[in-house]
Amino acid sequence: MVMEKKAILSDSNRFGSVDDHGDRGGGGWGYDKKDEGSGGDGDGHPGGSGKVSGLTVLTASVFLIGELAGTGVMALPHAMEGIGFSGIIISLLFNGVSCYTGNLICQCWLIVQSRCPEYRGHVRHPYPTIGYVCFGNCGRTILSCIINCSILGTGVVVMIMAAENVHRLLTNLADVQAPFCLILIAIAAVIIPLTWFGTPKDFWAIAIGAALSTTVAVVLSLFIMVNDSRYHSLEDVKHSDIDALTFFQALSTILFATCGHFVFPTFQNDMNEPDKIGKSLVISYSTMAILYIPVSVMGYVVYGDRISSNMLLTLSSNPVTYVIIMLVTCHQLCGFVIVINPVLQHFEEVLGISKAFSWKRAVARSSIVLFLLFVAESVPKIGAIMSLVGGSANLIVMLIAPVVLYLKLCSIAGDWPKIHVPLHVKILCGEILLAGTIIGVISTYGSVLSLWGNSSFTLPCYLNMTAVEESLY
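All values derive from a computational prediction rather than experimental measurement. (Residues numbered from 1 in each chain as written. Predicted model: local features only at pLDDT ≥ 70, side-chain atom pairs only at ≥ 80, totals over all residues. Heavy atoms only, no water.)

Caption draft 1: Broad picture of the overall build of the protein chain. In terms of helices and strands, the protein chain carries 15 helices and zero strands. Across the 473 residues that make up the protein chain, the buried fraction comes to 55%. Considering only contacts in the protein chain between residues 6 or more positions apart, those separated by 24 or more positions represent 83%. Accessible area for the protein chain stands at about 19,200 Å²; split by element, carbon and sulfur atoms hold 67% of it. (Helix = DSSP H or I, 4+ residues; strand = E, 2+ residues; numbered from the N terminus. Buried < 20%, exposed > 50% of the residue type's maximum accessible area, 1.4 Å probe, protein only. Contact = heavy atoms within 4.5 Å. Areas by Shrake-Rupley, 256 points an atom, 1.4 Å probe, with all protein chains shown as cover.)

Caption draft 2: Broad picture of the state of the cysteines. All told, the structure shown has one disulfide when counted by the stated rule. A sulfur-sulfur separation of 2.1 Å characterises the disulfide bridge that pairs Cys-181 with Cys-461. Between Cys-181 and Cys-461 the sulfur-sulfur dihedral comes to about -70°; the bridge is accordingly left-handed. Of this pair, Cys-181 sits in helix 6 (residues 180-194) while Cys-461 sits in the segment after helix 15 (423-452), placing them 280 residues apart in sequence. Residue Cys-461 is classed as buried on the basis of its relative accessible area, which comes to 4%. Free of any disulfide, Cys-138 has its nearest neighbouring cysteine sulfur in Cys-145, separated by 9.9 Å. (Disulfide = S-S within 2.5 Å.)

Caption draft 3: Representation of helix 8 (residues 244-258) within the structure. The end-to-end C-alpha separation of helix 8 is 21 Å, in line with the 21 Å expected for 15 residues at 1.5 Å each. Burial runs high along helix 8: eleven of the 15 residues are buried. Those residues of helix 8 not exposed but buried are Phe-248, Gln-249, Ala-250, Leu-251, Ser-252, Thr-253, Ile-254, Leu-255, Phe-256, Ala-257 and Thr-258. (Expected span 1.5 Å × (residues − 1).)

Caption draft 4: Spatial organisation of a nonpolar patch on the surface. Residues Phe-374, Leu-459, Tyr-462 and Leu-463 make up a contiguous nonpolar surface patch of about 440 Å² in total accessible area. Within the secondary structure, Tyr-462 sits in the segment after helix 15. (Patch = residues over 30% accessible without salt bridge, like charges linked within 9 Å, V, L, I, M, F, W, Y side chains within 5 Å. Salt bridge = Lys/Arg side-chain N within 4 Å of Asp/Glu carboxyl O.)

Caption draft 5: Here's a closer look at the nonpolar core. Among the nonpolar cores identified, the biggest contains 121 residues, and Tyr-127, Ile-130, Phe-264 and Leu-405 are the most heavily contacted of them. In terms of residue count, the dominant contributor to this core is helix 5 (residues 126-173) (17 residues). Other than its neighbours up to four places away in sequence, Phe-264 contacts Leu-64, Leu-68, Gly-102, Ile-105, Cys-106, Ile-277, Leu-281 and Tyr-285. (Core = buried A, V, L, I, M, F, W, Y, C linked by side-chain atoms within 4.5 Å.)

Caption draft 6: Focus on helix 12 (residues 359-378). Across its 20 residues, helix 12 extends 28 Å between first and last C-alpha, which sits within 8% of the 28 Å expected from 1.5 Å per residue. For helix 12, the full list of buried residues reads Arg-361, Ala-362, Ala-364, Arg-365, Ser-366, Ile-368, Val-369, Leu-372, Leu-373, Ala-376, Glu-377 and Ser-378. Taken together, the buried residues of helix 12 touch helix 5, helix 6 and helix 11 (319-351).

Caption draft 7: Expanded view of the packing of helix 4 (residues 86-115) against helix 8. At their nearest, the axes of helix 4 and helix 8 sit 10 Å apart, and the two run at 45° to each other. Between helix 4 and helix 8, the angle is such that the two are oblique. Viewed along their axes, helix 4 and helix 8 form a crossing whose handedness is right-handed. Across the interface between the two elements, Ile-90, Ser-91, Phe-94, Asn-95 and Ser-98 of helix 4 pack against Phe-247, Leu-251, Ile-254, Leu-255 and Thr-258 of helix 8. When grouped by side-chain class, the residues that make up the contact of helix 4 with helix 8 number six nonpolar, four polar and no charged. (Axes fitted to C-alpha atoms, helices over the stretch in contact; angles between N-to-C directions. Parallel < 35°, antiparallel > 145°, perpendicular 65-115°, else oblique. Left-handed = near helix turned anticlockwise from the far one by under 90°. Nonpolar A, V, L, I, M, F, W, Y, C, P; charged D, E, K, R; others polar.)

Caption draft 8: Here's a closer look at the packing of helix 6 against helix 12. The N-to-C vectors of helix 6 and helix 12 enclose an angle of 160°; their axes lie 10 Å apart at closest approach. Considering the angle they form, helix 6 stands roughly antiparallel to helix 12. When the axes of helix 6 and helix 12 are compared, the crossing they make is right-handed. Note on element contacts: helix 12 touches helix 6 through Ser-366, Val-369, Leu-370, Leu-373, Ala-376 and Glu-377, opposite Cys-181, Leu-184, Ile-185, Ala-188, Ile-191 and Ile-192. For the contact of helix 6 with helix 12, the class distribution of residues is ten nonpolar, one polar and one charged.

Caption draft 9: Region of the structure containing the side chain of Asn-95. Secondary-structure assignment places Asn-95 in helix 4. The residues contacting Asn-95, other than those within four sequence positions of it, are Thr-258, Tyr-285, Met-288 and Ala-289.

If you want it as structure tokens, here you go:
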């Protein structure tokens, strides 16, 4: 492994930027390490001075926190209600496992780069490329589909949560009774123009803003929860009965909140020292645990079974709460551009749309946002969608695929140093695969029941404009 890492570090500057088909070009799923003076920026615009500047361990950690933080943390108190106090240990465990599997997929990328010179440099879609090296076109296609489902599902969740936040602001702050379903349409109208321009590197400041806004929102939320606890006895707080389905659905919500693996190799590729991505992952997941655990416990203790899938709807009404909602909503609307940008670029590649701005790009990207709007209007239940995405696509990207790809790469023989996988690593990988499969099957089943079961079914917005209003608060 050490020899392979040295090969990457010594050779990386000799190769240009390539995408997963071997084509030279800019763009990508994150911040661009190279601003090439002659190659352009991936959108048809001239590049910069040609100076190479990459992410450090610390700046990569900030980008990772910006990617991971946000929507998920707002759902964790509700997940804690489905697990109980054992959720503290489970959340810490999931953070640790997610950090471990994130490092595994990054090790996979180091291995691929050491064995395949054509992938050294900036690669547009690193995660599916690993699947291609392991299992050919089939592996790349399957991983691309799963990642796209994960991203699109996250996009739907972001749209619904942003609409819920705006609905509460209008109702409580402005005393305007606007239908939730119409607010969803307004959210899509705001988002669509933001998706027309640039690639994620053009919005790198959003990552920093996301990390800061989420941190401030969490701290302020804790302040509100402590204040709310003064108005009733915590001993009188009621909690829901825990059964197998709600338990596993809560696990899948935690998975949703801790998964960002499809962009990890991209940030790694943008680092000055890619082999130190593990340190960035440890910093980012440690920070997320510090943010996640207190707000989850406080929400569980103070509100009990009254906690909503979007905790911002449960906080008491006061100016600080409205500031929190505004911070989170602005983060979600701006971050939406980064979240779905990989799907937008992939869709454009399939249709053969130029990287330069054009009316075709505007139509293509608008169509995807309108599709997400249709899904959100059809199933406006944020908790169930979050559990479904977390227990299916996110689980595969976070738990199953990293283990399978790593073991596969280590088993492939060729003209390179053989990688020995210790027995304890094989056992740990096997346990992750087994636990991931069980969680995925049961939580997906429970999420489907929650979405379309007779007891909890909500009519789509286009069939009943007001049906969803009853379940918001």
